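Topology and contacts: notes
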Amino acid sequence: MTEKDKRAFETIVAEAGSIKDGANPVSQPIYLSACYRHPDLRQAITFDRLRGYTYSRVEAPNRKVVEETLATLEEGCQGFAVASGMAAIQLVLSILHTGDELVSLDDLYGGDFRYFRHVESHYGVIFKQWDGRKVADLVKLLNEKTRIVWLETPSNPTMKKLDIQQIAAAVHAYNKDIIVAVDNTFYTPYYQKPLTEGADVVIHSATKYLGGHNDILGGIVVVKDEKLADDYFQFTITVGDTMSNFDAWLLTRSLKTLPLRMKQHAASAKKIAKFLETAPHVEKVLYPGKAGMISFYLDSEAEVERVLNSVKVITFAESLGGAESLITIPYYQTHDDVEADQRVRLGITTKLLRLSVGLEDPDDLIADLRQALGD
Ligand SMILES: *Cc1c(COP(=O)(O)O)cnc(C)c1O
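Residues numbered from 1 in each chain as written. Predicted model: local features only at pLDDT ≥ 70, side-chain atom pairs only at ≥ 80, totals over all residues. Heavy atoms only, no water.

As named in an unreviewed UniProt entry, the chain is homocysteine desulfhydrase, taken from Lactobacillus porci. Of the chain, the UniProt comment under Sequence similarities (unreviewed entry) reads exactly: "Belongs to the trans-sulfuration enzymes family." (UniProt positions renumbered as here; feature names shortened; annotations may be inferred.)

With respect to a nonpolar patch on the surface
A surface patch of nonpolar side chains, amounting to about 400 Å² of accessible area, comprises Leu41, Ile45 and Phe47. With respect to the secondary-structure elements, Phe47 resides in the loop between α2 (41–44) and α3 (61–74). The exposure class assigned to Phe47 is exposed, which follows from its relative accessible area of 67%. (Patch = residues over 30% accessible without salt bridge, like charges linked within 9 Å, V, L, I, M, F, W, Y side chains within 5 Å. Areas by Shrake-Rupley, 256 points an atom, 1.4 Å probe, with all protein chains shown as cover. Salt bridge = Lys/Arg side-chain N within 4 Å of Asp/Glu carboxyl O. Helix = DSSP H or I, 4+ residues; strand = E, 2+ residues; numbered from the N terminus. Buried < 20%, exposed > 50% of the residue type's maximum accessible area, 1.4 Å probe, protein only.)

Some details on the sheet that holds strand β2 (residues 101–105)
The strand order across the open sheet formed by 7 strands is β1-β7-β6-β5-β4-β2-β3, and the pairing between neighbours is mixed. Looking at which strands have only one partner, the edges of the open sheet turn out to be β1 (78–82) and β3 (126–130). Adjacent strand axes in the sheet meet at a mean angle of 20 degrees, parallel and antiparallel pairs treated alike. Bridge count between strand β5 (residues 179–183) and strand β6 (residues 201–205): 3 bridges; the pairing is parallel. (Pairing = 2+ DSSP bridges. Axes fitted to C-alpha atoms, helices over the stretch in contact; angles between N-to-C directions.)

A short note on the pairing of β3
Inspection of the sheet shows β2 paired to β3 by 5 bridges, in the parallel sense. Bridge assignment links Leu102 to a residue of β3, and that residue is Phe127. Between the parallel elements β2 and β3, the chain passes through helix α5 (residues 110–123) in a crossover that is right-handed. (Right-handed = clockwise from strand over helix to strand, strands pointing away.)

A word on unusual backbone geometry
Residue Pro154 is bonded to the preceding Thr153 through a cis peptide linkage, with omega at -5 degrees. If you trace the backbone, Pro154 turns up in the loop between β4 (146–152) and α7 (164–174). Of note, Asn24 is a non-glycine position whose phi angle comes to about 55 degrees, a positive value. You can see Asn24 is positioned in the loop between α1 (9–15) and α2. Overall, Asn24 belongs to the exposed group, its relative accessible area being 52%. The phi torsion at His281 lies on the positive side, around 70 degrees, for a residue other than glycine. Along the chain, His281 turns up in the loop between α11 (258–277) and β8 (282–286). The partly exposed category is assigned to His281, whose relative accessible area is 30%.

Put into structure tokens, the structure is as follows:
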């Protein structure tokens, strides 16, 4: 896509998958076909990403709808739908060679660090971290070997926000070829479009808000540059981490309600954050102002255990962004892979809980928290 789609976000997602071929279905059918008939020999022997369907590892109709819809929403040139958020991260890093450097924020989803360390120890990529404070300090970490700068905002679970525009401008002023990648899982394109702020690549764990129902795993990568799109296409069809048509169909269906869901998550989260500010045993509340993620510190580990063991409407489980409210303790769960001293430095302590506010009535959620907090 070269031109910006002028339709509203709500219209783009409502129309996703409404195709105008075959029996003219309003909802796109799920294509359970591993391969596709070649129209002629020429198509069969063309190896470019725009040749049409051949084999579903390479391209598939339901996946294509998801990829085109996300590319439109994020205002990029091409989207890739893969098997999980981690597969999306792997895809972005697939362009690295031995000796290349990767600089990341030090406050990311825990799995990122596990994968970045793997790439460092197995492939000889040099991995550096930035504390997210001064952009000048980030620039000091760059050199002629730097290929990717990796950001996440708001950060998980401590909700620190970054100025993508300022960071991307500083990195590109140093070297315009450095890829600035942003994990947009927490805000989604409904609240934040990193590519329009100067980033080069945006990724999502589609398992979270994009999927929105705690029923699929998925990952999305959207890029701005055609050459990068070609490199990523070659990698993903080679390793075969692509999203299945069934999951892509579920994801398309979910995207149609993304604007409605995000508005409700945010309205409920605001109300709950306000309740938590003055609730007993709550020492501090972290809410970034949009979407439905809230982290909060309790005054003792005993209280943490009590809350996790006694919530009833809210479920003690390790994910986010779905219709069902989930609560987790990042120190032991999502961030177990981060070094213990780094967790403490970032504020990820044994007294910090992370709540994903779902789509239940916010007053029921508040009543549940109130009883769990022993009030
Ligand atoms: C969950 C998550 C991931 C990893 O995604 P999976 O779908 O679990 O592989 C990456 N980034 C963020 C911010 C996440 O919350």
